[in-house]
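Structural features, examined
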Amino acid sequence: MSDRAMMPDSGDAARVRHLAELDECEIGIEKLVAGGDGMGRFGGLPIFVPCAAPGDRLRVRVVERRRRYARAEILEILVAGGGRRSPPCPHFSRCGGCDLQHLEDEIQTDLKVDAARETLRYIGGLSLPATQRVLRGAPWGYRLRTQLHLEEGEGAPQVGYYERGSHRLVAIESCPVLAPPLEHFVVGLSGRLRDNIPSRLDVALGDDGALTCAPTIDDLPRGEVISRVDGRSYVYDARTFFQSHRDLLGDLIRTVVSAATGTCAYDLYAGVGLFSLALAERYERVVAVEGDRNAARYLRKNTRLARLANIEVVGASVEVAVKTLPAAVERIIVDPPRAGLGFRVRSDIFDRRARHLTYVSCHPAVLARDLKHLCRIYTLCELVFLDLFPQTGHIEVVAQLQLNEK
Ligand SMILES: C[S@@+](CC[C@H](N)C(=O)[O-])C[C@H]1O[C@@H](n2cnc3c(N)ncnc32)[C@H](O)[C@@H]1O
């Protein structure tokens, strides 16, 4: 097969023995996979394509070759799949912030949930529970936080996001996934910056349109913001992690904390206390572990402001703190970053044999890997999918696990 060969996808695998030689081909997109890429096959080999829609017939160029799969980019849409649309945002073709604007809002969540379920079955080898729910909020204007990249430009500084798959800046004039006060601020930002332009700026929106930025720069809003959710108040600043979908904060807390009550619960990777404060109303004692110093500082502050004397804040890494947990604890919640628990923490949590374990994840493949190990002693009782990130390939998954009887 020569370079730049155009081949149909009906050939058998032997015809693609040398994927290395394949440059362009035609494929049909079967489905979305976790992360948001479309997947088609060439000679049986999976090919992953960004910005593809199920049902698309595409001419693609292979850009990365692996032994068992390849990645490709779209050269031409030959037939558009159902639900494909013109992306509403003018920056979508280059900006790396969103992955799914080419799909109608109504179908995005279901496709992401199907992909997450398949990943849990395929990577985790899990049988999925009968109890499953899908929660969604506004598809646009929802984000409470953003990370901007900045560069000196001719005249005014450039403000935007990195291009998909690179560190090249895409300057933006709008960003319709941001909550309106945040979008308004971002669009006008270039004109407000003078000297000492940082390469990255974090911006967070609190209640009543209040904004805060990090790092601290003259003329830009600074300090703390406050978010009130289900009658609880959370204070934080732009350096600190906070969940980003304005409509789903209450749903997330209620889903994670659930109706369970008891004597002691551990909230690992606690952030500024989103779950800890609610847990403290249901458990006599809550131990909240947070490794980031700034987040731990706000966790303490939020605990104090809520006058909750039954939360013990541990400002330490989970890797260290988990070793001090007693065996057979009642309840553990884990909400790790995208990399998941990792081998050591997962093994230590396994050994603690908590009766009720809740795993909150923004990365279904990593969740599947960790659950594969944990479900040797746990039963997966409930799965809730929350679309915290519309227009992107990401989805939040909450897994409720109960320890098996011996
Ligand atoms: C996905 S966030 C969840 C925060 C919180 N549960 C919430 O929903 O707002 C993960 C948190 O874990 C913290 N973190 C990351 N790695 C950690 C580690 N190894 N030990 C302790 N905390 C860690 C981060 O600082 C961050 O606050």
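Residues numbered from 1 in each chain as written. Predicted model: local features only at pLDDT ≥ 70, side-chain atom pairs only at ≥ 80, totals over all residues.

With that out of the way, let us pick up the overall build of the chain. When you go through the chain residue by residue, the secondary structure sums to eight helices and 20 strands. Its C-alpha radius of gyration of 23 Å places the chain within 12% of the 22 Å reference for a compact globule of 406 residues. The principal-axis extents of the C-alpha atoms in the chain amount to approximately 70 × 65 × 35 Å. For the chain, with 406 residues in total, the buried portion stands at 42%. If you take every contact in the chain between residues at least 6 apart in sequence, the share linking residues at least 24 apart comes to 58%. (Helix = DSSP H or I, 4+ residues; strand = E, 2+ residues; numbered from the N terminus. Rg over C-alpha atoms; globule rule 2.2 N^0.38 Å. Buried ≥ 20, exposed ≤ 12 C-beta atoms within 10 Å, placed from the backbone. Contact = placed C-beta atoms within 7 Å.)

This part is about the pairing of strand S2 (residues 38–42). Residues Gly38, Gly40 and Phe42 point to one face of S2 and are all buried, whereas Met39 and Arg41, pointing to the other face, are not buried. The pairing of strand S1 (residues 24–32) with S2 spans three bridges and is antiparallel. Along S2, the bridge assignment pairs Lys31 with Met39. Where S1 hands over to S2, the hairpin turn is made up of five residues, of which Gly35 adopts a positive phi near 105 degrees. Pairing between S2 and strand S3 (residues 45–49): five bridges, direction antiparallel. Of the residues in S3, the one forming a bridge with Phe42 is Leu45. What sits between S2 and S3 in their antiparallel hairpin is a turn of two residues, with Gly43 showing a positive phi close to 55 degrees. (Pairing = 2+ DSSP bridges.)

Attention now goes to the domain arrangement of the chain. Taken domain by domain, the chain holds domain 1 (13–79), domain 2 (105–139 + 246–403) and domain 3 (145–227). A straight line from the C-alpha centre of domain 2 to that of domain 3 covers 30 Å. (Domains from an automatic or database assignment.)

Here we come to the packing of helix H1 (residues 105–122) against helix H8 (residues 364–374). Relative orientation of the contacting elements H1 and H8 amounts to 30 degrees, with a least axis distance of 8 Å. The orientation of H1 with respect to H8, classified from their angle, is roughly parallel. The interaxial crossing formed by H1 with H8 has right-handed handedness. Where H1 abuts H8, its residues Ala116, Thr119 and Leu120 lie against Pro364, Ala365, Ala368 and Leu371. Residues of the contact of H1 with H8, tallied by class, amount to six nonpolar, one polar and no charged. (Axes fitted to C-alpha atoms, helices over the stretch in contact; angles between N-to-C directions. Parallel < 35°, antiparallel > 145°, perpendicular 65-115°, else oblique. Left-handed = near helix turned anticlockwise from the far one by under 90°. Nonpolar A, V, L, I, M, F, W, Y, C, P; charged D, E, K, R; others polar.)

Along the polypeptide, Ala306 turns up in the loop between helix H5 (293–305) and strand S16 (311–314). Exposure remark for Ala306: the 17 C-beta atoms within 10 Å place this residue in the partly exposed category. The contact partners of Ala306, leaving out residues within four places of it in the chain, are Arg232 and Leu277.

Time to look at the pairing of strand S5 (residues 70–79). Summarising the sheet, S3 and S5 pair through two bridges and their orientation is parallel. Paired with Ile47 across the strands is Ala70, a residue of S5. Inspection of the sheet shows strand S4 (residues 57–65) paired to S5 by eight bridges, in the antiparallel sense. Along S5, the bridge assignment pairs Glu64 with Arg71. Hairpin connection between S4 and S5: a loop of four residues separates the two successive antiparallel strands.

Time to look at the sheet that holds S4. If you trace the five strands once around the closed barrel, you get S1-S2-S3-S5-S4, paired in mixed fashion. Each adjacent strand pair in this sheet contributes to an overall mean axis angle of 50 degrees, direction not counted.

Moving on, we come to the site of the ligand. Lining the immediate surroundings of the ligand are 18 residues, of which Tyr269, Gly271, Gly291, Asp292 and Asp335 lie closest. A breakdown of the residues in the shell around the ligand according to their chemical character gives 10 nonpolar, four polar and four charged. (Near = placed C-beta within 6 Å.)

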